[in-house]
Amino acid sequence: MIRDITIGQYYSVKSPIHALDPRVKLVATILYVVSLFCFQSFSGYVAAILFLGMMIHLSNVPFTYMVRGLKPIAVILGITVFFNLFFSSSGQILWSWGPIVLSTGGIRKALFMAFRLVLLILGSSLMTLTTTPNQLTDGMERLLAPLNKIKVPVHEIAMMMSIALRFIPILLEETDKIMKAQLARGADFETGTIIKRAKGMIPIIVPLFIAAFRRANDLAMAMEARCYRGGEGRTKMKPLKYTRKDWISYALIWGYFVCVIVVGNVLYI
């Protein structure tokens, strides 16, 4: 399960998506996520699925690798679908038992929520899988640069977000090592009641927090040793510059955003 989490990891391969400017991918991801909440019809979700499928194909990232990232949210997805399926009484009621109601509106809402969560995770994963942490930092900093005029610490915010994303795979690897070490000592994380399993997680959580604070302290000392003082006066070794393919990509993502809203709201199917 730990190794199935793909958010925050980078998949190194050559593709048209990898070659795009990180600002384009950030804007595209934001517009894609927003578009998922702008329609309430199956035709809109079909358009969103087709667009994401095309982007995954162009990224050269194996689809099976991306689907692995859905396993950790299976429980959350199941709970969300359950509550929307049996606790929504809109539409025609098909079956009821006390407060539990199964209706056509509940089925429709549950399917929409399932599609929305799955597409949201896959779309976000595609951005992190095709963009290095350094590129994400530079892209966020350039996009938020106008906020510098009102004294917002843009560079520091982008740096913190980049460090958080970079620490995800590191902490996952650390968790995997701790779990294997505890299993070798006879720990049992699979059997027993929920309370017993929760207590069994303490030998994992405590050393994981200690390791995380140790890494954070080491990182802070390393940054101080290199005289890091924030973003003021800093220059880039590889400054970001838009190319023709980036402007074409902007046109495509905005075209998708407009079309999917029209399709999802006008063709109410």
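The structure we're discussing is the one just above.
Worth saying up front: this structure is predicted, and the values here are computed from it rather than measured.

*Asks:* I'd like a description of the side chain of Thr-128, backed by residues and values.
*Replies:* Along the chain, Thr-128 turns up in helix H5 (residues 104–129). Among the polar contacts made by the side chain of Thr-128, one reaches the main-chain carbonyl oxygen of Ser-125 at a distance of 3.0 Å.

*Asks:* Mind laying out the pattern of salt bridges, listing which residues take part and the relevant values?
*Replies:* Pairing between side chains of opposite charge can happen when the charged atoms of each approach one another. Applying the stated criterion across every chain, the model contains three salt bridges. The partner of Glu-174 in a salt bridge is Arg-215, with the nearest N and O atoms 3.0 Å apart. Pair noted here: Glu-174 is in helix H7 (residues 154–184) and Arg-215 is in helix H9 (residues 202–225), with a separation of 41 residues, a long-range link. For Arg-215, a relative accessible area of 34% corresponds to the partly exposed category. The shortest N-O distance in the salt bridge between Asp-176 and Lys-180 comes to 3.5 Å. Of the two residues, Asp-176 and Lys-180 both sit in helix H7, four residues apart, roughly one turn of that helix.

*Asks:* Which residues make up H7, and what are the values?
*Replies:* With 31 residues, H7 should reach 45 Å at 1.5 Å per residue; the first-to-last C-alpha distance of 45 Å fits that figure. A maximum bend of about 30 degrees is found in H7 at Ile-168, where proline Pro-169 lies one to four positions downstream. All of the buried residues in H7 are Val-154, His-155, Ala-158, Ser-162, Phe-167, Leu-172, Glu-174, Thr-175, Asp-176, Ile-178 and Gln-182. On its buried face, H7 is in contact with helix H6 (133–143) and H9. Gly-186 sits one or two positions beyond H7 and adopts a positive phi of about 95 degrees.

*Asks:* Lay out the packing of aromatic side chains with the relevant residues and their values.
*Replies:* Tallied over the entire structure, the rule returns eleven aromatic pairs. Taking 6.4 Å as the distance between ring centres and 40 degrees as the angle between the ring planes, the aromatic pair formed by Phe-209 and Phe-213 counts as tilted. Here Phe-209 and its partner Phe-213 are both found in helix H9, four residues apart, which amounts to about one turn of the helix. Where Tyr-242 meets Tyr-250, the ring centres are 5.5 Å apart and the plane angle is 65 degrees; that geometry is what we call edge-to-face. Judged by relative accessible area, Tyr-242 falls into the partly exposed class, the value being 28%. The structure contains a cluster of three or more aromatic residues connected by ring pairs, namely Tyr-32, Phe-51 and Tyr-256.

Definitions and cut-offs
- Residues numbered from 1 in each chain as written.
- Predicted model: local features only at pLDDT ≥ 70, side-chain atom pairs only at ≥ 80, totals over all residues.
- Heavy atoms only, no water.
- Helix = DSSP H or I, 4+ residues; strand = E, 2+ residues; numbered from the N terminus.
- Polar contact = N/O pair within 3.5 Å; in protein donor to acceptor, adjacent residues only side chain to side chain.
- Salt bridge = Lys/Arg side-chain N within 4 Å of Asp/Glu carboxyl O.
- Buried < 20%, exposed > 50% of the residue type's maximum accessible area, 1.4 Å probe, protein only.
- Expected span 1.5 Å × (residues − 1).
- Bend = angle between axes of the 7 residues up to and from the residue.
- Contact = heavy atoms within 4.5 Å.
- Phe/Tyr/Trp six-rings, centres within 6.5 Å; stacked < 30°, edge-to-face > 60°.

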